[in-house]
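# Chains, contacts and geometry: an overview
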Amino acid sequence: MFNYTITRLPYVPVAGILFAAGICFGGLGGVVLGAIAHDTVGLLGGLFLGLVCGITAAVFGLVLTAVFNVLAPYIGGLPVKLDIMTPPEAPCDPSAINDGSA
């Protein structure tokens, strides 16, 4: 029924994706906070908060990946079914092809 079972995930791509997402969302929130409270936080303080959010998200991703890699062989992993796509059929009549000249 299922073609593949995922029992291990690589650490670096998961951490990289979550770091980038944390930088984007945390940086946006930090810049907004820095613009609103520019007397206390400032714009650079908001950017620093975005960096901290990115690092926190990457560490969280590393922990979740480690837990998945330890538990997945025991619980069976994640079953994935991949289907092969059939190519679209070509028209039989060459004059039925619309070449855009009309």
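Analysis parameters
- Residues numbered from 1 in each chain as written.
- Predicted model: local features only at pLDDT ≥ 70, side-chain atom pairs only at ≥ 80, totals over all residues.
- Heavy atoms only, no water.
- Helix = DSSP H or I, 4+ residues; strand = E, 2+ residues; numbered from the N terminus.
- Expected span 1.5 Å × (residues − 1).
- Buried < 20%, exposed > 50% of the residue type's maximum accessible area, 1.4 Å probe, protein only.
- Contact = heavy atoms within 4.5 Å.
- UniProt positions renumbered as here; feature names shortened; annotations may be inferred.
- Axes fitted to C-alpha atoms, helices over the stretch in contact; angles between N-to-C directions.
- Parallel < 35°, antiparallel > 145°, perpendicular 65-115°, else oblique.
- Left-handed = near helix turned anticlockwise from the far one by under 90°.
- Nonpolar A, V, L, I, M, F, W, Y, C, P; charged D, E, K, R; others polar.
- Bend = angle between axes of the 7 residues up to and from the residue.

### Focus on helix α1 (residues 11-36)
Look at α1: 36 Å from first C-alpha to last across 26 residues, which is about the 38 Å you get at 1.5 Å a residue. Taken together, the buried positions of α1 are A15, G22, G26, G27, G30 and G34. On its buried face, α1 is in contact with α2 (42-75).

### Re the UniProt feature "transmembrane region" (unreviewed entry) in the chain
On the UniProt side, "transmembrane region" (unreviewed entry) is annotated at positions that read residues 12-37 and 43-71 here. Between the end C-alpha atoms of residues 43-71 the distance is 42 Å, and the span holds 100% helix and 0% strand.

### Let's talk about the environment of F25
Relative to the helices and strands, F25 is located in helix α1. The class for F25 is exposed, based on a relative accessible area of 66%. Spatially, the C-alpha atom of F25 lies 8.2 Å from that of C53, the residues being 28 residues apart in sequence.

### What about the packing of α1 against α2?
One can describe the packing of α1 onto α2 by two numbers: an axis separation of 6 Å at closest approach and a directional angle of 150 degrees. Comparing their axes, α2 and α1 come out roughly antiparallel. Regarding α1 and α2, the two cross each other, and that crossing is right-handed. Residue composition of the contact of α1 with α2, by class: 18 nonpolar, 12 polar and no charged.

### Let's talk about α2
Taking 1.5 Å of rise per residue, the 34 residues of α2 would be expected to cover 50 Å, and the 48 Å separating its terminal C-alpha atoms lies within 8% of that figure. The sharpest bend along α2 reaches about 30 degrees and sits at N69, with the proline P73 one to four residues further on. Residues G42, G46, G50, G54, A57, A58, G61, T65, F68, N69 and A72 constitute the buried set of α2. Summarising the contacts, the buried residues of α2 are in contact with β1 (4-6), α1 and β2 (78-80). Backbone geometry just after α2 places G76 at a positive phi near 100 degrees.

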